[in-house]
Every structure is written in structure tokens, then in C-alpha cells.
Amino acid sequence: DGGITQSPKYLFRKEGQNVTLSCEQNLNHDAMYWYRQDPGQGLRLIYYSQIVNDFQKGDIAEGYSVSREKKESFPLTVTSAQKNPTAFYLCASSGEQGTNEKLFFGSGTQLSVL
Amino acid sequence: QQQVKQSPQSLIVQKGGIPIINCAYENTAFDYFPWYQQFPGKGPALLIAIRPDVSEKKEGRFTISFNKSAKQFSLHIMDSQPGDSATYFCAASGADSWGKLQFGAGTQVVVTP
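Presented here is a report on the structure given in the accompanying data block. (Residues numbered from 1 in each chain as written. Chains lettered and ligands numbered in written order. Predicted model: local features only at pLDDT ≥ 70, side-chain atom pairs only at ≥ 80, totals over all residues. Heavy atoms only, no water.)

**Observations concerning the overall build of chain B**
Inference 1: Along its length, chain B carries zero helices and eleven strands.
Inference 2: In chain B, the succession of helices and strands from N to C terminus is β-β-β-β-β-β-β-β-β-β-β.
Inference 3: What you see for chain B is a C-alpha radius of gyration of 13 Å, in line with the 13 Å of a compact globule of 113 residues.
Inference 4: Total accessible area computed for chain B in this model is approximately 5,500 Å², and 49% of it derives from carbon and sulfur atoms.
Inference 5: Counting 10 positive and 8 negative side-chain charges, chain B places the centres of these two groups 3 Å from one another. (Helix = DSSP H or I, 4+ residues; strand = E, 2+ residues; numbered from the N terminus. Rg over C-alpha atoms; globule rule 2.2 N^0.38 Å. Areas by Shrake-Rupley, 256 points an atom, 1.4 Å probe, with all protein chains shown as cover. Lys, Arg positive; Asp, Glu negative; His and termini not counted. Charge placed at Lys NZ, Arg CZ, Asp CG, Glu CD.)

**Observations concerning the nonpolar core**
Inference 1: Within the largest apolar cluster, 24 residues are counted, with the highest numbers of intra-cluster contacts made by Ile-21, Phe-33, Trp-35, Phe-73, Leu-75 and Tyr-88 of chain B.
Inference 2: The set of elements that each furnish at least two residues to this core consists of β2 (10-14), β3 (20-25), β4 (30-38), β5 (45-50), β7 (62-67), β8 (72-77), β9 (86-94) and β11 (107-112) of chain B.
Inference 3: Tallying contributions element by element places β9 of chain B first for this core, with four residues.
Inference 4: Non-local contacts of Phe-73 of chain B, meaning those with residues more than four positions away in its chain, are made with Ile-21, Asn-22, Cys-23, Tyr-25, Phe-33, Trp-35, Ser-65, Phe-66, Cys-90 and Ala-91 of chain B.
Inference 5: Within the second largest apolar cluster, 20 residues are counted, among which are Ile-4, Ile-46, Ala-61 and Phe-74 of chain A. (Core = buried A, V, L, I, M, F, W, Y, C linked by side-chain atoms within 4.5 Å. Buried < 20%, exposed > 50% of the residue type's maximum accessible area, 1.4 Å probe, protein only. Contact = heavy atoms within 4.5 Å.)

**Here's the deal with the interface of chain A and chain B**
Inference 1: Taken together, the contacts link 23 residues of chain A with 19 residues of chain B.
Inference 2: Summed over both partners, the interface of chain A with chain B buries about 1,800 Å², with 54% contributed by carbon and sulfur atoms.
Inference 3: Joining chain A to chain B, the criterion identifies zero salt bridges.
Inference 4: Summed over the shared surface of chain A and chain B, the result is eight residue pairs in polar contact (both at pLDDT 80 or more).
Inference 5: Listing elements by their share of the side of chain A that touches chain B, those giving two or more residues are β4 (31-37), β5 (43-51) and β9 (87-94) of chain A.
Inference 6: Split into classes, the residues belonging to the side of chain A that touches chain B amount to ten nonpolar, nine polar and four charged. (Buried area = accessible area lost by both parts, 1.4 Å probe. Salt bridge = Lys/Arg side-chain N within 4 Å of Asp/Glu carboxyl O. Polar contact = N/O pair within 3.5 Å; in protein donor to acceptor, adjacent residues only side chain to side chain. Nonpolar A, V, L, I, M, F, W, Y, C, P; charged D, E, K, R; others polar.)

**Comments concerning the state of the cysteines**
Inference 1: Tallied over the full model, the rule gives two disulfides over all chains.
Inference 2: With its sulfur 1.9 Å from that of its partner, Cys-23 of chain A forms a disulfide with Cys-91 of chain A. Across the disulfide from Cys-23 of chain A to Cys-91 of chain A, rotation about the S-S bond amounts to roughly -75°, and the bridge is consequently left-handed. Of this pair, Cys-23 of chain A sits in strand β3 (residues 19-25) while Cys-91 of chain A sits in strand β9, and the two are 68 residues apart along the sequence.
Inference 3: Between the sulfur atoms of Cys-23 of chain B and its disulfide partner Cys-90 of chain B the distance amounts to 1.9 Å. (Disulfide = S-S within 2.5 Å.)

**Focus on the sheet that holds strand β1 (residues 4-7) of chain A**
Residue and element names in this part refer to chain A.
Inference 1: Read across the open sheet, the four strands follow the order β1-β3-β8-β7; overall the sheet is antiparallel. Two strands close off the open sheet at either side, each with one partner strand: β1 and β7 (64-66). Here the strands of the sheet are splayed against their neighbours by 20° on average, with no regard to which way each runs.
Inference 2: Sheet topology note: the β1/β3 ladder contains four bridges and is antiparallel. Bridge assignment links Thr-5 to a residue of β3, and that residue is Glu-24. (Pairing = 2+ DSSP bridges. Axes fitted to C-alpha atoms, helices over the stretch in contact; angles between N-to-C directions.)

Following this line, the structure appears as C-alpha cells:
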């Protein structure tokens, strides 16, 4: 059963704490992405990675960090520098043969601040 | 600043009606315009997409209309069903964007029985 797995589904962060969101894909896609979704604002790109060991900042990278040590995995760390972390976080991948544009999304992680 | 402007924010139609969602963009380098459908608590899924070389594309009950000169595109849901109730996002990207889509703010569609 191919797809993108995000965990956990719900996550709570205390003040000053770093938290890491997991994203794993078994679609053999080269590119992976992290989007943040806020009500009424659509999806905004945080970071993206086109190949292993390489990643680029998106539109709202401040307060976030990522790594891409394996093709299958693209974890996102929400650091204490991110002052408004409450949001729905979506991981996606692309690289289907014939097109690099179609994004496949995971089911998301809802992050809330305690 | 949002590069893709989407309207309306929400709409309610009766079963069988035709909800229409509109999007506008400024960046003339955009050449790929997908629509994504999202159900509560789930990630978005690609519904239908269009490129600027055609003015209309149909897939089942979903139709995209594209007006290149006006830099606008819209989604029509024909013979809408309660199961179509979801949030719909338009998006756009350029030739070298590699999935770096610019999304609209989303439209929540409710289809009543």
C-alpha cells in the first residue's frame, strides 16, 4: 500500500520546546515538501527537497528545520523560534514518472501549543 | 502576498447544483494550474489540472475553465452531490517549480441533500 505516512496525527508543544514531525514515503519519489495550513490561508511552503542531502527554504522557513538523509524520509522540526506553531502540517512528495508536478499528500499532523 | 487569489471563501448549494470557484493569478510564468480537494482531517488530493494551451478541461463532473488573457481559471462541479462537500484549493506553478505550488486560500463547499 503505497503512500505518505505522517506521524503523529496530533502533537502538543510546550513553551520553548522543539518538536519533530515525521514523514515517510514509499512511492520512490525524489522530491518531498512540507506545507503549513492555517484556516483561511491555504497552504504555504515551509521547506522542500529535490534529492537526498539537499533541501531549500520555502516561503515561511523561519523557525523550522529539516533533514533529508534518506530518500524515504523528510522530518520537520518546529523549533522554539517559531512563535506561532499552531497549524496543520502537511508533507507531500512528487516525482511520478512523466510529471514532477503532481503532489501526493500525507494525512497531516495537527500541532497545538500547550 | 498571496500569488493566487481564490473566491468565494465558502458556498452552499443544493444537490444537483453547480458550485463555481474562481481563481486569479498575476505571475505570467505560471503554466500549470491544478485543483486539489480536501476532506476534513485529510491531506489534499489532486482533482484535475490544466495548462494554458487549452481553455477547458473536463474530468467526470469536474470542469476547469481557463482564461489566459484575464489570468483567471475556475472550477465547476456539475450535478453536485453531498459527497462533494469538501474544501477545494486552486494552485499554480511555473515550469521549473518542481511541485512548489502557490495555493489559493481555499473554498469550503457544502452540498445539501
